[in-house]
Amino acid sequence: MSTEGWAVHYFESLLAKNRFDPAWAQDLGFLVRELSLGMPLAQWRYCCWAAVRRGASLVQQEPGTDGQRLRETIFTELKRRAGWVAAGGYAGCSFAPSSPVPSSA
């Protein structure tokens, strides 16, 4: 599986864990292709985590936020973080997978 595929899967799991629509994970695939940053998976994991955290913060601050606004907020944060991380703005911001060896061949 490609870095993009793993990142989308991770993003999807974070969205579902926070009770957001997991289908929004497709936005990450679009962003990866659009930006062509070539970041490692660990940095994409950080960006996904930060974006979902921003969405969760919005829901806490403004209960009843509509889904479209929430999705746009998460996407905007994802794009912003990815740009900063790729440019070296957030040095050391990466989440390495807990197990470097895949669970199966």
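The structure contained in this document is the topic of the report that follows.

Procedures and definitions
- Residues numbered from 1 in each chain as written.
- Predicted model: local features only at pLDDT ≥ 70, side-chain atom pairs only at ≥ 80, totals over all residues.
- Heavy atoms only, no water.
- Helix = DSSP H or I, 4+ residues; strand = E, 2+ residues; numbered from the N terminus.
- Buried < 20%, exposed > 50% of the residue type's maximum accessible area, 1.4 Å probe, protein only.
- Polar contact = N/O pair within 3.5 Å; in protein donor to acceptor, adjacent residues only side chain to side chain.
- Contact = heavy atoms within 4.5 Å.
- Expected span 1.5 Å × (residues − 1).
- Core = buried A, V, L, I, M, F, W, Y, C linked by side-chain atoms within 4.5 Å.

## Thoughts on the side chain of Thr-65
Consideration 1: Relative to the helices and strands, Thr-65 resides in the loop between α3 (41-61) and α4 (67-86).
Consideration 2: Thr-65 sits in the buried class, given a relative accessible area of 18%.
Consideration 3: A polar atom in the side chain of Thr-65 sits 2.4 Å from the backbone oxygen of Glu-62.
Consideration 4: With residues up to four places along the chain from it excluded, the contact list for Thr-65 reads Leu-58 and Leu-70.

## Remarks on α3
Consideration 1: Along its 21 residues, α3 runs 30 Å from first to last C-alpha, staying within 8% of the 30 Å computed at 1.5 Å per residue.
Consideration 2: Along α3, the positions that sit buried rather than exposed are Ala-42, Trp-44, Arg-45, Tyr-46, Cys-47, Cys-48, Ala-50, Ala-51, Val-52, Gly-55 and Leu-58.
Consideration 3: Here the buried face of α3 lies against α1 (3-17), α2 (26-35) and α4.

## Topic: the nonpolar core
Consideration 1: Membership of the largest hydrophobic core comes to 27 residues, with the highest contact counts inside it found for Phe-11, Leu-15, Leu-28, Trp-44, Cys-47, Ile-74 and Leu-78.
Consideration 2: Those elements that place two or more of their residues in this core are α1, α2, α3 and α4.
Consideration 3: Element by element, the count of residues in this core is highest for α3, at eight residues.
Consideration 4: In contact with Leu-15, not counting residues within four places along its chain, are Phe-20, Asp-21, Pro-22, Trp-24, Ala-25, Val-52 and Ile-74.

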